[in-house]
Amino acid sequence: MGDSTRRGDVTRRALLGAIGLGAVGATVAAWPRLTGSDIPGRGEDRLTIAIIGTQADAEARANLVKEFERQNPGIKVRIMAIQSVDWQDFFSKILTMVAAGTPPDIVNVATEGAQLFAERLAHPIDEYVTRDKEDMREYFADVHPSLVEAFMYRGHLYQLPIDWNAANMYYNTSAWNAARLPDPAENWTQVDFRAALASMKQAASGDFVPYYWTNRLFGGVVPWLYANNTSFLKEEKAPGGEWLWDEFYGDSPARSLLSGGYLWQQPNADAPEVYESFDFLRGLVVDGLGVRPEGGGGNTLVGQFASGRVGTTPAGGYWVQGLHEAGMKPTDYDVQFFPRWATGEGSELQRHQFGTAGYAIMKTAKDKEAAWQWLKFSASLEGMKLIFSNPNTTPSRRSMVNEELFGVKGPKHWKRFYDTLDRFPATGPIPAPPQQGSVETALIKNVSLAVSGSEAQMKSALQSLQRDLELALRSNA
Amino acid sequence: MTTQTITATAKRRRPFDWGMALRILVLVLVGALILGPVLWTFSTSLRPPAEGLTLPPSFIPLNPDFGSYAEVFRQLNMGLLVLNSALVTGLIAVGQMLSAALAGYAFAFLKFKGKSALFSLVLATMMIPVQVTIVPVFMLIRGMGLSDTLLALILPAIPTAFGTFLMRQYFLGLPTELAEAATVDGASPLRIFWSIYAPLAMPGLAIVGILAFNFHWNEFFRPLILTISEQNFTLPLGLVTLQGNMGTGSISVVLAGVVLSMIPALVVFLFGQRTLREGLTAGAGK
Amino acid sequence: MSAKSVSRSRGSSLMAYLFLAPTLAGIGIFTLIPIVGSLVLAFFRWDIISNPEFVGFQNFTEAAADPTVLVSFGNTILFVVIAVVLQLGLALLLAVLVQERLPNWLRVFFRSAFFFPLILSAASVSIFMGYLFNEQFGVVNWFLGLVGIPAVPWLTTPTGASTVIILVYVWQNFGFSFLLFLGALAGIPKEVYEAASIDGATGWRKHRNVTIPLISPTTLVASVMAIISALQMFDQPYVLTRGGPGDATRTVVMVIYETAFKRLEFGKASAIGLILMLLIMAVTALQFRLSKRYVFYQ
């Protein structure tokens, strides 16, 4: 035990002290970071708007916020981007915020969550729309009523559609040409589609996938069900909504179809048409024409399509920007309407599916008038021009789906994006009742089983889907 | 014949060692299976984003392209993610070292009522998985007004039953005579702890710290639940959401993020491997 | 005089409690209160938004009747059994190979290599493994293609996905058991083997008769630790498969997470969590039981 040990102890003690002091120093210095109080606008009295996405998505709305604040002095806005892997994840985070006692005032909600919010969390906007009807006339004239109807719930309106996407069929033109296929017809059928896949497969070499799809509510089995004029849930419509339709869509050709909103209250997975559509997809998988869909996947799909190894895949206008960034030229691919079913009622309707999104005012919002001003401004032509500078979604306003946005980067037939609504009035939103979370989970897990095995496995998966849906719909969201 | 030539001939005559060859073959094979995926990750992150999926795979980056790394920084606030992970991990590690050292010392050297009962209680909580208590912890955090903050990740992770156990064992291995001498001199327990035992226990503290670092740097479950704002994400969470967002279309970008997140762990691996090994196996020796 | 009596002479239990305060308060607040909370919550229905409602044992009966919950327990137990057997077998084999007759630098190299995955985050590992196991564009199928095996649908069929989850888990975690075995092997005195070879035991027989019995305490500890950690599997299925296809890779912890934070059924989630905890306690209790038999070696 000499001096050396003691000196060693001193330096060790100094090191320990330094670590301790460092931790204290870091805690003090980083206190705002540790408590989150450095997040801009947090804890302040601001109109808080939650959107799905990253900080970059929030910043993309900076101009919109600036202009809104300029026109509405006294209202301060805070955009809160919530990174989520999918909509369901986003909604559960919003619910968590509600649970944590810090709900946002406005939430950007897609069809997936529209009824969940309408049922439990959102405040209807009927009174504001009626009050400001003169201002709103121009908006509704520019927006297809099917999109608006998707945000109608039991006769009340909850959101104004800002953007939307249909499931159209993207196809790789070089794979298409290599198979010597003529351009697909606008009224092609699933039989034509299958034949085209087979030719592409034959003409291609190596790891080529004729049909790539993802297993989720949007763009999974649903477009094939709608094509066959069926769905995995019984589709009904609520009465009501005349206040809106008579005011703004009195002379629309679709007026007779417009209702107080969709209702999905019963499972329908045992319908013969559902069986037919599932069996078609299973056939594609069995014959190597389509992939077995990955659960929650889609994250590499743009890259795979851009790399030329995917023949066809369902997507909407939101894909154009991604393909452009991945280096695809507009001539490398094109887009066609989703095929119709060759037989049955679907044959005449050629019904398509879409999903749309817009802002919903939360029941808990303190200043609902300010929130409505935000909804109104972001739906205005001026507001939309501030955010849609790139074709990474389809604007709800027909006049915005134009040469300027899609002409340069988009495929030859980009007009088909909005024509999906204008030319096919039966086109409807993806089925998303208030219990959407459990419904989508039930769908995804049974679809993956149904299409990746034998017919017997498919039968039992459909039975189990029917049972799971019954359970899901019975619970209160 | 010299001695050297004799041994040389002996060596030459020894039959080929099949056992040894097989042994090395198996080890090399497993080694390749372990390191291969990591090399592929690294190498693919250095491919141009458009070629991320190109086959055959590459394991050695011959023409490194750093585009994906730039893209990660464009898409993710990488600096903030690293800062968050560093703050959370660092403060948990120091907090655990401090609290475990104090508690371990008390359990090793101090005498007080209910000692063995308290120690058993602490040990018993080691078995309780975090997933079982996450819902009430979430509520507690809400009650404290700490929802969606980094403190929500840090505070619950500081008390450590395992670290306390480890430090107690470590202190028990130290000589007691030093304390006796100091006590005779009239030093207080705190003083004895700080001037004599804390410095001696540094290697044990390092184990606690490194284990905490390794675990919490890579932690996924709690951040997934306890943070909401992107500004409060830690690295693993940021990476998984980067993968989930469909914007990129390139796996090279995701893998670049993965590689970046590995760097600090790699540094610990290179410089603290021994401590980490000791720490990981320490629990088994109880 | 021991240090214990030294501090008694100062007569202050108070000082000891001060030393213990941070840890005990922390454990009390963040572990004990939550455990009690879980116990209480398990008997309520509560979605945080509306008021809690007492429902007795309903959460437990509902969980027991819920096919997803049952399947998740089945999956978890299956994964645990296969993963732990693979993990321990591989670890023991490699530990023996590394420990014996290898030049030191090679031993250090392989030890580091096998231990390396432990420092990575399971989330990162699952991300890159997901790409490697992709059916169309994955490296694994590319290699299989080289030897003429057609592409395996790894992540999109129940068997394939379960296999991947187990492989990825074992890939990352076997290094831990490996380290434990390495330590145990190093602790076996050379003389024991010498004695065994005098008796004529060589190669495999030597290991069966000497190594395996001698390291059995380590085997026990390693298996218990591996079982407990595998019972809590979450990151791999969450990132790789989201529990699919179907429920094929849904683990108990995934169901707890989904029940609580996707569906806001906090009571039911607590009930499932408690069942998992009982399972873990049972494994630990079994360890104590068994270790008494092996106490001789310790």
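The residue count restarts for each chain, going from 1 along the sequence in the order it is written. Throughout, the order in which chains and ligands are written sets their labels, letters from A for the former and numbers from 1 for the latter. Only residues with pLDDT of 70 or above have their local features reported here, since the model is predicted, and side-chain atom pairs are shown and tallied only from 80 upward, although totals for entire chains, interfaces and linings are computed over all residues.

Engineer: What is the right way to read the interface of chain B and chain C from this model?
Structural biologist: Frequently, the measure chosen for interface size is the accessible area that the parts lose on association. Contact criterion: two residues are in contact if their C-beta atoms, reconstructed from the backbone, are within 7 Å. Between chain B and chain C, the residue contacts involve 72 residues of the former and 77 residues of the latter. Where helices and strands are cited, they refer to DSSP runs of H or I of at least four residues and of E of at least two residues respectively, numbered from the N terminus. Top element by residues in the side of chain B that touches chain C is helix α14 (residues 251–282) of chain B. It accounts for 13 residues. Three categories are distinguished: nonpolar for Ala, Val, Leu, Ile, Met, Phe, Trp, Tyr, Cys and Pro, charged for Asp, Glu, Lys and Arg, and polar for the others, with Gly belonging to the last. Taken together, the residues of the side of chain B that touches chain C break down into 52 nonpolar, 15 polar and five charged.

Engineer: Is there a simple way to explain the interface of chain B and chain A in this structure?
Structural biologist: Taken together, the contact pairs 36 residues of chain B with 42 residues of chain A. Within the residue set of the side of chain B that touches chain A, elements represented by two or more residues are α4 (78–109), α10 (189–200) and α13 (235–244) of chain B. Ranked by residue count, the leading element in the side of chain B that touches chain A is α4 of chain B, at five residues. Residues that form the side of chain B that touches chain A fall into these classes: 16 nonpolar, 17 polar and three charged.

Engineer: Is there a simple way to explain the sheet that holds strand β12 (residues 310–315) of chain A in this structure?
Structural biologist: Sheet strands associate in pairs through backbone hydrogen bonding, adopting either a parallel or an antiparallel arrangement. Residues and elements named next belong to chain A. Taken in spatial order, the four strands of this open sheet run β9-β12-β8-β13, and their pairing is mixed. Looking at the sheet topology across the chains shown, the edges are occupied by β9 (209–211) and β13 (333–336). This sheet shows a mean twist of 25 degrees between the axes of neighbouring strands, independent of strand direction. Helix-sheet contacts for helix α11 (residues 190–203) involve β9 and β12, and the interaxial angle to β9 is about 170 degrees. Two strands are counted as paired when DSSP detects at least two bridges linking them. Only the stretch in contact is used when a helix axis is fitted, and all axes are lines through C-alpha atoms; the angle between N-to-C directions ranges over 0 to 180 degrees.

Engineer: Please explain the domain arrangement of chain A as it appears in this structure.
Structural biologist: Residues and elements named next belong to chain A. Delimitation of the domains relies on an automatic or database domain assignment. Taken domain by domain, chain A consists of domain 1 (47–165 + 355–406) and domain 2 (168–232 + 268–351 + 433–474). The distance between the C-alpha centroids of domain 1 and domain 2 comes to 29 Å. Counting residues at the interface gives 16 residues for domain 1, matched by 14 residues for domain 2. The dominant element in the side of domain 1 that touches domain 2, judged by the number of residues it contributes, is helix α6 (residues 111–120), at five residues. Class assignment of the residues belonging to the side of domain 1 that touches domain 2 gives a composition of four nonpolar, nine polar and three charged.

Engineer: Would you mind going over the environment of Leu86 of chain C with me for this structure?
Structural biologist: Residues and elements named next belong to chain C. Position of Leu86 among the secondary structure elements: in helix α4 (residues 67–99). Its 18 C-beta neighbours within 10 Å are what place Leu86 among the partly exposed residues. Between the C-alpha atom of Leu86 and that of Leu167, which follows or precedes it by 81 residues, the distance is 9.0 Å. With C-beta atoms placed from the backbone, a residue is labelled by how many other C-beta atoms lie within 10 Å of its own: buried for 20 or more, exposed for 12 or fewer, partly exposed between the two.

Engineer: Which parts of the structure should I look at to understand the pairing of strand β3 (residues 106–110) of chain A?
Structural biologist: Within a regular strand, the side chains alternate between the two sheet faces. All names here are of chain A. With five of its five residues buried, β3 lies for the most part within the structure. Because side chains alternate across β3, one face comprises the buried residues Ile106, Asn108 and Ala110, and the other comprises Val107 and Val109, equally buried. Of the pairings in the sheet, the one linking strand β1 (residues 47–52) to β3 comprises two bridges and is parallel in character. The partner of Ala50 across the bridge, within β3, is Val107. Pairing geometry for β3 and strand β14 (residues 353–362), over five bridges, is antiparallel. Bridge assignment links Asn108 to a residue of β14, and that residue is Tyr359.

Engineer: Just checking my understanding: could you explain the environment of Pro153 of chain C for this structure?
Structural biologist: Mapped onto the fold, Pro153 of chain C is located in the loop between α7 (139–146) and α8 (158–186). As for Pro153 of chain C and Phe133 of chain C, which are separated by 20 residues in sequence, their C-alpha atoms are 8.5 Å apart.

Engineer: I would appreciate a short explanation of the packing of α4 of chain B against helix α8 (residues 161–172) of chain B in the present structure.
Structural biologist: In helix packing, the relevant descriptors are the interaxial angle and the interaxial distance, both defined with respect to the helix axes. Residue and element names in this part refer to chain B. Following both chains from N to C, one finds α4 and α8 inclined at 50 degrees, their axes separated by 7 Å at the closest point. With respect to α8, the element α4 is oriented oblique. Of the two elements, α4 crosses α8, and the hand of that crossing is right-handed. Between α4 and α8, the contacting residues are Gln96, Ala100, Ala101, Ala103, Gly104, Tyr105, Phe107, Ala108 and Phe109 on the first element and Gly163, Thr164, Leu166, Met167, Arg168, Tyr170, Phe171 and Leu172 on the second. Per-class residue counts for the contact of α4 with α8 are twelve nonpolar, four polar and one charged. Small angles under 35 degrees read as roughly parallel and large ones over 145 as roughly antiparallel, with 65 to 115 read as roughly perpendicular and the rest as oblique. Crossing chirality is assigned from the near helix's rotation relative to the far helix, an anticlockwise turn below a right angle marking it left-handed and a clockwise turn marking it right-handed.

Engineer: Help me understand unusual backbone geometry in this model?
Structural biologist: Trans is the common state for peptide bonds, and a negative phi is the common state for residues other than glycine. Residues and elements named next belong to chain A. Within the chain, Arg154 stands out as a residue other than glycine whose phi angle is a positive 50 degrees. Tracing the chain through its elements places Arg154 in the loop between β5 (152–153) and β6 (156–157). C-beta crowding within 10 Å serves as the criterion here: with 15 such atoms nearby, Arg154 is assigned to the partly exposed category. Its identity as a non-glycine residue notwithstanding, Gln350 has a phi of 45 degrees, on the positive side. With respect to the helices and strands, the residue Gln350 is situated in the loop between α17 (346–349) and β14. On the neighbour-count criterion, Gln350 (23 C-beta atoms within 10 Å) is buried.

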